[in-house]
Amino acid sequence: MRIGELAAAVGVTTRTVRHYHHQGLLPEPERRPNGYREYTLRHAVVLARIRRLTELGLGLAEVRDVLAEDAGKDLVEVLTELDEDLARQEEAIRERRARLRALLATEGAVTAEGPLSPRLAALFQDMAQVSDSPMAAKDREMLALIETTADPEGREQLMGALGDALTRPGGKDRALAAYALLDDLADADPTDPRVDEAARALADCVPRDMLPDSLDVDPDNSFLRAFYADFAPAQAEAIRGTLRILTEGHGP
């Protein structure tokens, strides 16, 4: 048989046959005097076995173990391990589907910043009236980032602090005012007197316990440099001022 005939007989492509040669799974056939490779029935048997094993989900290294005459594992052992691995994958898929169902059932959880946890989605819903604020949009992105990267204890602390800040008397109004002040600084100079006003207004919205005790506000902090670079200069200066107020213990 020629390579095309072998591939057609087993139901694979000639490229697949060549790949199995390259991986050492399928022996190279002898060449006839005219230079063409001549495949035998034995090649077809081996190729068909490789196809069946890969369709079961075995990787090529595992297939090589099964095919090797001195294999350390027999086929029963390999297939048992594969079955156990598939069982773990099934459990992981069930858990992921459960999370997806909960996400889709939560109003506001699938947003431009999402997907979000139900708790953060509820907080964003509470602040829906500031959806047109560019600074509020950046704030939502940052909160989604923090929620994703924080450990469970940190997430719980963040959600609790944010919820308390919004439910305090006048909490939402203070947040609206702070966002408006920051939005107005988009084209301002960092020395604009409104920068200090915006810093104080924002500090009045952010509970001190929302920030980690070990917060590093050093100017050389690489994360903070990247964070500030995402804002206009005057806005970044206002946020620096906010962090200084909070870390000095003058926040709410």
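Use the structure listed above.
For clarity, every value in this text was computed on a predicted model and none was experimentally measured.

Some details on the packing of aromatic side chains
Phase 1 of the analysis: Taken as a whole and assessed by the stated rule, the structure comprises two aromatic pairs.
Phase 2 of the analysis: The interplanar angle of 50° and the centroid separation of 5.8 Å between the aromatic rings of Phe-227 and Tyr-228 together place this pair among those described as tilted. For the pair shown, Phe-227 and Tyr-228 are each scored as buried.
Phase 3 of the analysis: Here the aromatic rings of Phe-227 and Phe-231 are separated by 5.1 Å at their centres, their planes lie at 75°, and the arrangement is edge-to-face.
Phase 4 of the analysis: Classification of Phe-231 by relative accessible area gives buried; the value is 12%.
Phase 5 of the analysis: Grouped by ring-pair contacts, the aromatic residues Phe-227, Tyr-228 and Phe-231 constitute a single cluster.
Phase 6 of the analysis: Sitting above the plane of the Tyr-36 ring, Arg-2 keeps its charged end 4.1 Å from the centroid.
Phase 7 of the analysis: The ring of Tyr-228 carries Arg-240 above its face, with NZ or CZ at 4.3 Å from the centroid.

Here we look at the packing of helix α10 (residues 194–203) against helix α12 (residues 233–247)
The relative placement of two packed helices comes down to the angle between their axes together with the axis-to-axis distance.
Phase 1 of the analysis: Relative to each other, α10 and α12 sit at 50°, their axes nearing to 8 Å. Taken as axis vectors, α10 and α12 run oblique relative to one another. The handedness of the crossing between α10 and α12 comes out as right-handed. Residues Val-195, Ala-198, Ala-199, Arg-200, Leu-202 and Ala-203 of α10 lie in contact with α12, whose contacting residues are Ala-234, Glu-237, Ala-238, Ile-239, Gly-241, Thr-242, Ile-245 and Leu-246.
Phase 2 of the analysis: Its residues assigned to classes, the contact of α10 with α12 shows ten nonpolar, two polar and two charged.

Some remarks on the side chain of Ser-133
Phase 1 of the analysis: Here Ser-133 lies in the loop between α6 (118–126) and α7 (134–149).
Phase 2 of the analysis: A distance of 3.1 Å separates the side chain of Ser-133 from the backbone nitrogen of Ala-136, its partner in a polar contact.
Phase 3 of the analysis: Once you skip the residues sitting within four places of it in the chain, Ser-133 turns out to touch Tyr-179 and Asp-183.

Procedures and definitions
Residues numbered from 1 in each chain as written. Predicted model: local features only at pLDDT ≥ 70, side-chain atom pairs only at ≥ 80, totals over all residues. Heavy atoms only, no water. Phe/Tyr/Trp six-rings, centres within 6.5 Å; stacked < 30°, edge-to-face > 60°. Buried < 20%, exposed > 50% of the residue type's maximum accessible area, 1.4 Å probe, protein only. Lys NZ or Arg CZ within 6 Å of the ring centre and 35° of its normal. Axes fitted to C-alpha atoms, helices over the stretch in contact; angles between N-to-C directions. Helix = DSSP H or I, 4+ residues; strand = E, 2+ residues; numbered from the N terminus. Parallel < 35°, antiparallel > 145°, perpendicular 65-115°, else oblique. Left-handed = near helix turned anticlockwise from the far one by under 90°. Contact = heavy atoms within 4.5 Å. Nonpolar A, V, L, I, M, F, W, Y, C, P; charged D, E, K, R; others polar. Polar contact = N/O pair within 3.5 Å; in protein donor to acceptor, adjacent residues only side chain to side chain.

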